[in-house]
Every structure is written in structure tokens, then in C-alpha cells.
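Observations on the three-dimensional arrangement
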Amino acid sequence: MKSIRYELDIDDLIQYNMHMFFSTDYGARIKRLVRTLLSFVFLLGSALLYVIYYRTISLTGIAVIIGIFFLVMLGVVYFLPHLLRWNIMSNVRAAFGKGENPGLTGEHNVEIRDEGIRSLSEYGWNTFPWRIVKKIDETEGHIFIFVSEAQAVLIPKAKVEGDLRGFMEEVRERMAG
């Protein structure tokens, strides 16, 4: 049985959420939905202004209003990733930055067992059967072993005690077989 030990902190949770939102199909679907909804809202707003003011504003005025809405919409779409990064960081810090977060932050021991990957903290343990281990994503600083579309075992590479390379080789072997 191979195992590794590491400590998770708020920055690791932020990196996981950033990865989820900007590097997975799940995040891409959410971004498409947000962009579609924002576009619809701006188009609806333009149409509503036209209906409300069509008798009192000239066509040039309406064109200017629609143009302004269009430029604002383009700005939102362009700046959306930056706004979302800021939003993710502030939301994760607000949700997990105060006090203790039993089981999320703190010391973790992760073991490879015949039945699956077991993650232990001082508050309990989870065993993820091999049949639900979906994929492995790797960034410069983290490894994410996904056990569902939106849940993963987070491994901060720089903080690992133990043979991370051997551990990951065995995880990949068990996923393949």
C-alpha cells in the first residue's frame, strides 16, 4: 500500500477552484451559460429601451443606446474571465478563510488500496472506488484526481511527503486496469 502525506491550505482550494473553472469541461459549460445569459440580458435591455422610448427618442438616439449596450456587452465578455478569477478567489476566501474547515484544509494522508483511493484527515476518511476515478489533471503546482465531474482529491506537489511519482504511477496503473 503506497501513501503520501501533505497539508492543504486555502490557497490550494483556490487553485482547485481556478482549475475547475478555467480548465475543465464543467467550467467551460458554466462560462458559456454565463456569457449567454449576459448577452440575452443586454439584448433584452436594448429591446426594452426601444419599446419604452421609441416615440420620444430619435432613431439615432436608439442606435447610440444599442451601441453602448453592445460595447458594454463586449467588455463584459472580454473581462469576464478576469472578473471570475477575482470572484472565485474572494468567494473561496470568504467561505473557507475563516476559522477551521474540518476535512478540507489541514493534514491529509492519501493511500492506494485495493478498493480505491483513501483520503484521511483528522476528521474522518473517504474511500473512492477505482471505478469512479475519472481522470487526472496536473498543473505546475497540483495534481487533481477526479472522482466525479466536480470533485477531486487535491495533491499540492510541493508539500508532499513520500514518493509522489511512485504513488501517481500506481494510481495510473490501477485506473487503466
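It should be noted that the structure appears before, not after, this text.
Quick caveat, the model's predicted, so the values are computed rather than measured.

Digging into helix 4 (residues 164-176)
An α-helix turns once per 3.6 residues; consequently, residues spaced three or four apart project the same way. With 13 residues, helix 4 extends 18 Å from end C-alpha to end C-alpha; this agrees with the ideal 18 Å at 1.5 Å per step. Residues of helix 4 that are buried: Leu164, Gly166, Phe167, Met168, Glu170 and Val171. Along its buried surface, helix 4 packs onto strand 1 (3-8), strand 2 (106-112), strand 3 (116-121), strand 5 (135-138), strand 6 (142-146) and strand 7 (152-156).

Considerations on the nonpolar core
Counting 35 residues, the largest nonpolar core has Ile4, Tyr6, Ile145, Ile155, Phe167, Met168 and Val171 as the members making the most contacts within it. Elements supplying a minimum of two residues to this core: strand 1, helix 1 (10-23), helix 3 (59-96), strand 2, strand 6, strand 7 and helix 4. The leading source of residues in this core is helix 1, at seven residues. Among all residues touching Phe167, those that are not within four sequence positions of it are Lys2, Ser3, Ile4, Val110, Glu111, Ile112, Ile145 and Ile155.

Brief notes about the pairing of strand 6
Within strand 6, five of the five residues are buried, which leaves the element mostly enclosed by the surrounding structure. Going residue by residue along strand 6, you find His142, Phe144 and Phe146 tucked away on one face and Ile143 and Ile145 tucked away on the opposite face as well. Both strand 5 and strand 6 contribute to a ladder of four bridges, which runs antiparallel. By the bridge assignment for strand 6, Glu138 is matched with Ile143. Where strand 5 hands over to strand 6, the hairpin turn is made up of three residues, counted between the paired strands.

Calculation notes
Residues numbered from 1 in each chain as written. Predicted model: local features only at pLDDT ≥ 70, side-chain atom pairs only at ≥ 80, totals over all residues. Heavy atoms only, no water. Helix = DSSP H or I, 4+ residues; strand = E, 2+ residues; numbered from the N terminus. Expected span 1.5 Å × (residues − 1). Buried < 20%, exposed > 50% of the residue type's maximum accessible area, 1.4 Å probe, protein only. Contact = heavy atoms within 4.5 Å. Core = buried A, V, L, I, M, F, W, Y, C linked by side-chain atoms within 4.5 Å. Pairing = 2+ DSSP bridges.

These results come straight from atomic positions and should not be treated as a statement about function.
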